[in-house]
Amino acid sequence: MVMDKSFIERRFWHNCTVWLPFQSFAFRDDPNSRLHRMALRLMRPKRRALKSIFYSIVWPIRSVRIASHASKELCAQKREPGISRMRAFCTIWWAMVRHNLSVQSIFRYRLWMPGALRQADDFFQHYELVKLVEWLNSVPEANELQDKIQFEAMARKAGLPAAQIVATIINQSIAFQVPSGFPQQDLFSKANNKYGGEGCQLWRFDRASKTWSNGNGAKNQQELIASLVGESPEASFLIQRSYQNNAFMGKLSSGALCTIRIVTSKLPGKHPKFFRSAVLMPVGGQVVDNFAKGSLAAGIDDTGHLIQATKLADHGAPIDKHPDTGQIIAGLKLEGWEEAVDLALAAHAKITDVPTVGWDVALTPEGTILLEANVGWGGNVLQIPGSRPLGRAFS
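The structure presented is a predicted model; accordingly, all values stated were derived computationally and were not measured.

Cut-off values and rules
- Residues numbered from 1 in each chain as written.
- Predicted model: local features only at pLDDT ≥ 70, side-chain atom pairs only at ≥ 80, totals over all residues.
- Heavy atoms only, no water.
- Helix = DSSP H or I, 4+ residues; strand = E, 2+ residues; numbered from the N terminus.
- Rg over C-alpha atoms; globule rule 2.2 N^0.38 Å.
- Buried < 20%, exposed > 50% of the residue type's maximum accessible area, 1.4 Å probe, protein only.
- Contact = heavy atoms within 4.5 Å.
- pLDDT = per-residue confidence, 0-100.
- Pairing = 2+ DSSP bridges.
- Axes fitted to C-alpha atoms, helices over the stretch in contact; angles between N-to-C directions.
- Phe/Tyr/Trp six-rings, centres within 6.5 Å; stacked < 30°, edge-to-face > 60°.
- Polar contact = N/O pair within 3.5 Å; in protein donor to acceptor, adjacent residues only side chain to side chain.
- Parallel < 35°, antiparallel > 145°, perpendicular 65-115°, else oblique.
- Left-handed = near helix turned anticlockwise from the far one by under 90°.
- Nonpolar A, V, L, I, M, F, W, Y, C, P; charged D, E, K, R; others polar.
- Expected span 1.5 Å × (residues − 1).

Helix and strand content of the chain: 12 helices and 13 strands. For 395 residues, the compact-globule estimate of 2.2 N^0.38 gives 21 Å, and the chain sits close to it at 23 Å. Taken over the C-alpha atoms alone, the chain extends approximately 70 × 45 × 45 Å along its principal axes. Among the 395 residues that make up the chain, the fraction classed as buried is 52%. Long-range contacts, defined as pairs at least 24 residues apart, comprise 63% of the intrachain contacts of the chain with a sequence gap of at least 6.

This brings us to the confidence of the model for the chain. For the chain, the mean per-residue pLDDT works out to 90, and 93% of the residues sit at or above 70. Least confident of the elements in the chain is helix H1 (residues 5-12), whose mean pLDDT is 48; most confident is helix H10 (residues 337-351), at 98. Taken as a whole, residues 1-9 scores under 50 in pLDDT and shows 16 contacts with residues more than four places along the chain or in a different chain.

Before going further, it helps to spend a moment on the sheet that holds strand S8 (residues 259-265). Here 6 strands make up an open sheet; going across it, the order is S11-S10-S9-S8-S12-S13 and the pairing antiparallel. In this open sheet, the two strands that pair with only one neighbour each are strand S11 (306-310) and strand S13 (367-374). For this sheet, the mean angle separating the axes of adjacent strands, direction not counted, is 25°. Summarising the sheet, S8 and strand S12 (residues 356-364) pair through 6 bridges and their orientation is antiparallel. Bridging from a neighbouring strand, Ser265 pairs with Thr356 of S12.

Right, let's talk about the packing of aromatic side chains for a bit. Counted by the stated rule, this structure contains 11 aromatic pairs. Taking the centre distance of 6.5 Å and the plane angle of 40° together, the rings of Trp93 and Trp94 count as tilted. Between Phe182 and Trp212 the ring centres are 5.7 Å apart and the planes differ by 75°, which places this aromatic pair in the edge-to-face class. Residue Phe182 is found in the loop between strand S2 (173-176) and strand S3 (187-191), and its partner Trp212 is found in strand S5 (residues 211-213); the two are separated by 30 residues along the sequence. Exposure class is identical for Phe182 and Trp212. Each is buried. Of the aromatic side chains, those joined through ring pairs into one cluster are Phe176, Phe182, Phe205 and Trp212.

A separate point is the side chain of Thr211. By the secondary structure assignment, Thr211 is in strand S5. Separated by 2.6 Å, the side chains of Thr211 and Ser209 make a polar contact. Those residues in contact with Thr211 that sit more than four places away from it in its chain are Arg204, Phe205, Asp206, Ala218, Lys219 and Asn220.

Okay, the packing of helix H3 (residues 48-76) against helix H4 (residues 85-99) next. The relative placement of two packed helices is expressed as an angle between their axes plus a distance between the axes. The geometry of H3 relative to H4 is characterised by a closest axis approach of 8 Å and an angle of 140° between their N-to-C directions. Compared by their axis directions, H3 and H4 come out oblique. Note on packing geometry: the crossing formed by H3 with H4 is right-handed. Touching Trp59, Pro60, Ser63, Val64, Ile66, Ala67, Ser68, Ala70, Ser71, Lys72, Leu74 and Cys75 of H3 are Arg85, Ala88, Phe89, Ile92, Trp93, Met96 and Val97, all from H4. For the contact of H3 with H4, the per-class residue count stands at 14 nonpolar, 3 polar and 2 charged.

Pairing within the open sheet is antiparallel, and its 7 strands lie in the order S2-S1-S7-S3-S4-S5-S6. At either margin of the open sheet sits one strand with a lone partner, and together these are S2 and strand S6 (218-219). The pairing of strand S1 (residues 165-170) with strand S7 (residues 237-241) spans 4 bridges and is antiparallel. Directly across from Ala167, in S7, lies its bridge partner Ile239. Lying over the sheet, helix H8 (residues 148-157) contacts S1, S3 and S7, oriented at roughly 145° with respect to S1.

Okay, the side chain of Glu372 next. In this fold, Glu372 is placed in strand S13. With a relative accessible area of 16%, Glu372 lands in the buried category. Within the structure, Glu372 has its side chain in polar contact with the side chain of Lys190 (distance 2.8 Å).

Moving on, we get to the pairing of S1. Working note: regular strand, side chains alternate between the two faces of the sheet. Within S1, 5 of the 6 residues are buried, leaving the element largely enclosed by the surrounding structure. In terms of strand pairing, S1 meets S2 through 4 bridges, oriented antiparallel. Opposite Ile169, over in S2, you have Ile174 as the bridge partner. Connecting S1 to the next strand, S2, in antiparallel fashion are 2 residues, including Asn171 with a positive phi near 55°.

Let us now look at H4. Here H4 is 15 residues long and its end C-alpha atoms lie 20 Å apart, about the 21 Å a rise of 1.5 Å per residue gives. Taken as a whole, H4 has its buried residues at Ala88, Thr91, Ile92, Ala95, Met96, Val97 and His99. The inward-facing, buried residues of H4 abut H3 and helix H5 (103-108).

Next comes the structure, spelled out in structure tokens:
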């Protein structure tokens, strides 16, 4: 029996949103515990004392029902055949009450596995990272960096290789960045201020008809412009050259561009430092390598070797090889990883003083290039593959 989807949506994301005295990080003074408490304060800045008293009574009781349903789901899906429903229930309930983890997080970080709860406090859930990174990066220049059009201009000014914008559409007006209109090659369009691959389209160029198509009919230049303008008159778009993977990265993709997410940090007056990285790999007919929309992701260790691949929907279950190319993933040395990290560090040094940035870097036949800068980088792609908690880097 599979868990009712509406129950998952309403309950499995839930965790307690206030500090409780029996939480494992409530009184500890280590960096991870302080960060967990700060995330809760950022979520509930007012009237925390009254809510803490109320939830101290209600949350353990409420967790019983959620853990009961979740353990039933876990055993029905046979995610781990050797675990009984009672053991699953106790593990989930304890993780919720003691470590304030949602069921989604427990599943994604595979914390039902024997011994896995020992590292529960080292994981930072999505809502925690959203709040903490937003607070950390609350500086004026963060908005400039997040703007894809401004980012490309900043990278070019700093002499760094970046994905080339050929045109922008702002307020239903197009401005070409290159002479003679669109180049006669594949193009890639995306909304300027949207995330997660939303609004992205790949436009294949046909040399015979000199038209572009996204699979829904061929368009000449004017028709393509009209189509993009008509999609969302109030939004701004950018049209870029479409880049290909180099020969090595092509082994890890069904055809679309792979990206390496590299997170760096920078203290005032200091040189930027590397934090963690992961590679995103498109599958099937995807035109973007978005983890939330079904792409594979694999962690990268500090020597540039891939650790393990997984899909978000598979809750961290290991995938040994790429389903389209057959390439073995775990243990593979990522050729060009060092150059990608160097480029991300150079970008952080030359472009911005925003404290922490997630850089999307691509390895192409033309070399290593910057694609985007993510001020609000997500932790799922960095933690779920291989169950690698970010807190290990803080301790």
